[in-house]
There are 2 protein chains.
Amino acid sequence: MTAIHILTEPDLRAAVGLGDDERMAIEAVYPLISSGRAQMPPIMRIDIPERRGEIDIKSAYLPGYGGVAVKVSAGFFDNPSIGLPSLGGLMILLDARTGIPRAALFDNGYLTDLRTALAGAVAADHLAVPGATVAAVLGAGVQARLQLGALCQVRPIERALVWSRSASEAATFAETMSGELGLPVAAAPSPAAAAQDAQVLVTTTPATEPLVDLGVLHPGLHVTAVGSDAEHKQEVAAQAIQAADLVVCDHRGQSTRLGELRAAVAAGFDPGEAVELGQIISGDRRGRRSPDAVTICDLTGTGAQDTAIASLATTRCLEAGAGIRVDT
Amino acid sequence: MTAIHILTEPDLRAAVGLGDDERMAIEAVYPLISSGRAQMPPIMRIDIPERRGEIDIKSAYLPGYGGVAVKVSAGFFDNPSIGLPSLGGLMILLDARTGIPRAALFDNGYLTDLRTALAGAVAADHLAVPGATVAAVLGAGVQARLQLGALCQVRPIERALVWSRSASEAATFAETMSGELGLPVAAAPSPAAAAQDAQVLVTTTPATEPLVDLGVLHPGLHVTAVGSDAEHKQEVAAQAIQAADLVVCDHRGQSTRLGELRAAVAAGFDPGEAVELGQIISGDRRGRRSPDAVTICDLTGTGAQDTAIASLATTRCLEAGAGIRVDT
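Residues numbered from 1 in each chain as written. Chains lettered and ligands numbered in written order. Predicted model: local features only at pLDDT ≥ 70, side-chain atom pairs only at ≥ 80, totals over all residues.

So, about the overall build of chain A. Across its full length, chain A carries 12 helices and 15 strands. By principal-axis analysis of the C-alpha atoms, chain A measures approximately 60 × 40 × 40 Å. Counted over contacts in chain A with a minimum sequence separation of 6, partners at least 24 positions apart contribute 71%. (Helix = DSSP H or I, 4+ residues; strand = E, 2+ residues; numbered from the N terminus. Contact = placed C-beta atoms within 7 Å.)

Below is the structure:
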């Protein structure tokens with residue numbers, strides 16, 4: 001007799017959040033990606049144009065890990081008109097030794113939001129100047145909130161700026177996050193104004209035209225771009241990538257296909273010049289070389305992160321006795 | 001508030017089986033495949049060689065269907081040594097209008113076994129001689145049992161023969177199935193001996209060397225091959241495919257890559273000569289042209305069948321109040 005554990009969003013929110021252990025769990029996967037030890041098949045995608053819907057399926061096997069996560073993400077952009085969220089998803093965790101399903105994680109996308117924010121903190125931890133005190137975020141949604149919170153784990157942030165296409169959302173973000181983080185957060189009138197005093201800039205938008213152009217860069221700035229995950233999206237101008245002292249990505253192939261490297265390579269940037277985050281974490285390649293360097297890191301998101309966060313969340317839920325056990 | 005229904009193998013076995021409605025649900029997907037209306041991304045696969053394990057993920061969107069199934073199949077061939085089955089799996093059914101998960105079907109592979117057997121009956125129904133009274137199966141496992149049962153739905157089978165590499169499994173099969181179907185089932189000493197008097201032959205083995213060679217064919221025989229679903233498997237000799245009067249497959253591309261057409265094409269068979277089952281079901285192409293024709297149908301299995309059977313099973317379970325409802 002085997003059993004599967006049914007875990008819901010409240011179970012998972014109680015189990016994992018913006019903690020050091022969670023961040024280290026995410027950090028650990030990048031060297032597996034860069035060394036080719038993570039087995040990550042290409043993303044499976046189904047488009048349902050008549051509903052403005054898309055379903056993405058990711059998975060990854062990491063040698064030594066006890067579980068393999070299969071993640072199903074759904075984005076249905078007509079949902080808000082019927083009172084439902086656009087984005088959702090779930091993960092299944094299979095036992096990597098037997099293939100038997102261990103847990104179904106009905107997280108409604110929470111674990112993806114979380115692992116994406118933790119990846120941003122990992123990138124900043126390895127690339128931003130150590131004493132960074134000013135942060136800026138572009139976008140004012142869930143991911144912007146989580147990125148700013150995660151960044152505060154790894155850098156002594158004293159104040160933050162936010163820019164959004166919607167001034168009212170930026171204002172709400174500033175007010176909410178000031179209270180939540182206990183530090184001043186202000187809305188800025190443009191991406192350049194947000195970035196002006198910042199040492200760390202995180203972009204979290206679905207932009208299809210670059211927001212970070214050459215004029216936004218200044219000595220000592222680190223940029224993490226997490227928004228682009230599809231061929232038509234772009235947050236960072238090709239010229240900015242070409243001008244940076246160091247360009248980093250989570251997965252070179254994926255970033256070249258779906259991320260910020262796509263437009264840069266089309267404009268002549270050699271993808272071989274981009275370093276993978278795992279190479280820096282493992283010490284194979286150097287990260288920031290000077291306080292004045294401009295560094296840019298593109299994160300497209302990987303199934304390896306899903307396997308890592310689903311494994312940790314499931315372990316914690318089982319330890320806590322959370323969820324429903326169903327005999328299968 | 002949304003909710004997901006957790007359905008277990010007993011729920012699903014009670015809901016769907018070898019019935020006419022189930023067979024017609026499977027039949028209906030083939031014209032969608034052949035006309036290009038089914039959206040079926042390539043199978044995602046992860047190999048875990050240190051456990052002799054493989055994880056396959058299939059999905060399909062069928063226009064007009066309310067659900068999209070995502071199927072995770074696992075085959076871990078060291079499992080029997082620790083008392084676990086080699087094969088397992090589950091399906092998730094998403095709402096095709098919103099992307100929201102509606103049901104998790106922990107079927108342990110039952111729905112795959114069932115839809116594969118139903119597909120065999122669909123193929124026989126369209127290709128075997130109408131008055132077929134003698135059936136033969138190669139292999140004596142779960143799929144052989146289901147195929148024989150499904151075939152009896154569509155043809156007036158009066159007796160059956162079984163061949164297996166394991167003579168004792170063939171003997172057990174013959175005894176069990178004689179009782180279950182209420183007709184004589186006998187073990188045969190070779191594939192040719194099993195097929196000799198049969199009008200329908202179904203091959204259900206994981207063979208990597210052909211079992212059905214030219215000598216097994218005789219006028220009026222229909223062969224359905226369901227075993228091969230990977231590059232290294234083969235049940236039907238290339239010469240037998242080349243000699244048949246009509247060669248049919250569920251999906252030309254997949255059969256050429258993973259099924260019986262692979263070796264045949266390598267031996268010079270033109271894949272354009274193979275007809276898709278959906279073309280025959282829809283009336284676009286003719287099936288059997290004479291009582292003496294030899295017909296061969298290769299079924300590799302498709303995500304479209306998974307979406308069809310998962311949709312039907314979920315609807316029936318919800319109508320019956322089966323399963324566990326979990327608010328997500």
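This part covers the relation of the copies chain A and chain B. Copy one and copy two of the chain differ by a rotation about a common axis and a shift along it. With an RMSD of 0.0 Å, the operation that places chain A on chain B is a rotation of 180° combined with a shift of 0.0 Å along the axis. As the rotation angle and translation indicate, the two copies are arranged about a two-fold axis. For chain A, the residue whose C-alpha comes nearest the rotation axis is M44(A), separated from it by 3.5 Å. Both copies contact each other with a shared surface, as 100% of the interface residues of chain A are interface residues in chain B too. (Least-squares fit on C-alpha atoms with pLDDT ≥ 70 in both.)

All names here are of chain B. Read across the open sheet, the 8 strands follow the order β9-β8-β7-β10-β11-β14-β12-β13; overall the sheet is parallel. A strand with exactly one partner marks an edge of an open sheet, and here the two such strands are β9 (185–187) and β13 (275–276). Strand contacts of helix α4 (residues 110–127): β10 (200–203), β11 (222–225), β12 (246–249) and β14 (295–298), with the helix running at about 160° to β11, the strand carrying the most contacts. Running over the sheet, helix α6 (residues 167–181) touches β8 (159–163) and β9 and is turned about 175° from β9. (Pairing = 2+ DSSP bridges. Axes fitted to C-alpha atoms, helices over the stretch in contact; angles between N-to-C directions.)

Turning to helix α2 (residues 20–27) of chain B, a few remarks are in order. All names here are of chain B. Looking at α2, one finds that the buried residues are E22, R23, I26 and E27. End-on, the buried residues of α2 take up no more than an arc of 140°, which puts them together on one face. Of the exposed residues in α2, the ones pointing more than 90 degrees away from its buried face are D20 and D21. For α2, the elements touching its buried residues are α3 (29–34), α4, α5 (142–154), α11 (277–281) and α12 (303–320). (Buried ≥ 20, exposed ≤ 12 C-beta atoms within 10 Å, placed from the backbone. Arc of directions from axis to C-beta.)

So, on to the sheet that holds strand β2 (residues 44–48) of chain B. All names here are of chain B. With respect to topology, 7 strands assemble into an open sheet ordered β2-β3-β4-β5-β6-β1-β15, the strand pairing being mixed. Looking at which strands have only one partner, the edges of the open sheet turn out to be β2 and β15 (324–327). On average, each strand axis in the sheet is tilted by 15° relative to the strand beside it, whichever way the strands run. Bridge analysis of strand β1 (residues 3–8) against β15 gives 4 bridges, and the strand direction is antiparallel. Pairing of A3 across the sheet is with D327, part of β15. Helix-sheet contacts for α12 involve β1, β3 (53–60), β4 (67–76), β5 (87–95) and β6 (101–106), and the interaxial angle to β4 is about 110°.

Turning to the pairing of β2(B), a few remarks are in order. All names here are of chain B. Where burial is concerned, the two faces of β2 differ: the one with M44, I46 and I48 is buried and the one with R45 and D47 is not. Note that β2 and β3 share 5 bridges and pair antiparallel. Across the sheet, the residue bridging to I46 is I55, located in β3. Counting the residues that bridge the hairpin from β2 to β3 gives 4 residues, and of these R52 lies at a positive phi of roughly 45°.

What follows deals with the environment of A313(B). All names here are of chain B. Along the polypeptide, A313 turns up in helix α12. The exposure class assigned to A313 is buried, which follows from the 30 C-beta atoms found within 10 Å. Not counting chain neighbours up to four residues away, the residues in contact with A313 comprise L12, A15, V16, L105 and L111.

Counting residues at the interface gives 40 residues for chain A and 40 residues for chain B. Breaking the side of chain A that touches chain B down by element, the ones donating at least two residues are β1 (3–8), β2 (44–48), β3 (53–60), β4 (67–76), β5 (87–95), β6 (101–106) and β15 (324–327) of chain A. Across the side of chain A that touches chain B, the residue classes tally to 25 nonpolar, 11 polar and 4 charged. (Nonpolar A, V, L, I, M, F, W, Y, C, P; charged D, E, K, R; others polar.)

Of all residues in chain A, 100% attain a pLDDT of 70 or more, and the chain-wide mean is 96. Reported confidences for the modelled complex are a pTM of 0.92 and an ipTM of 0.91. (pLDDT = per-residue confidence, 0-100.)

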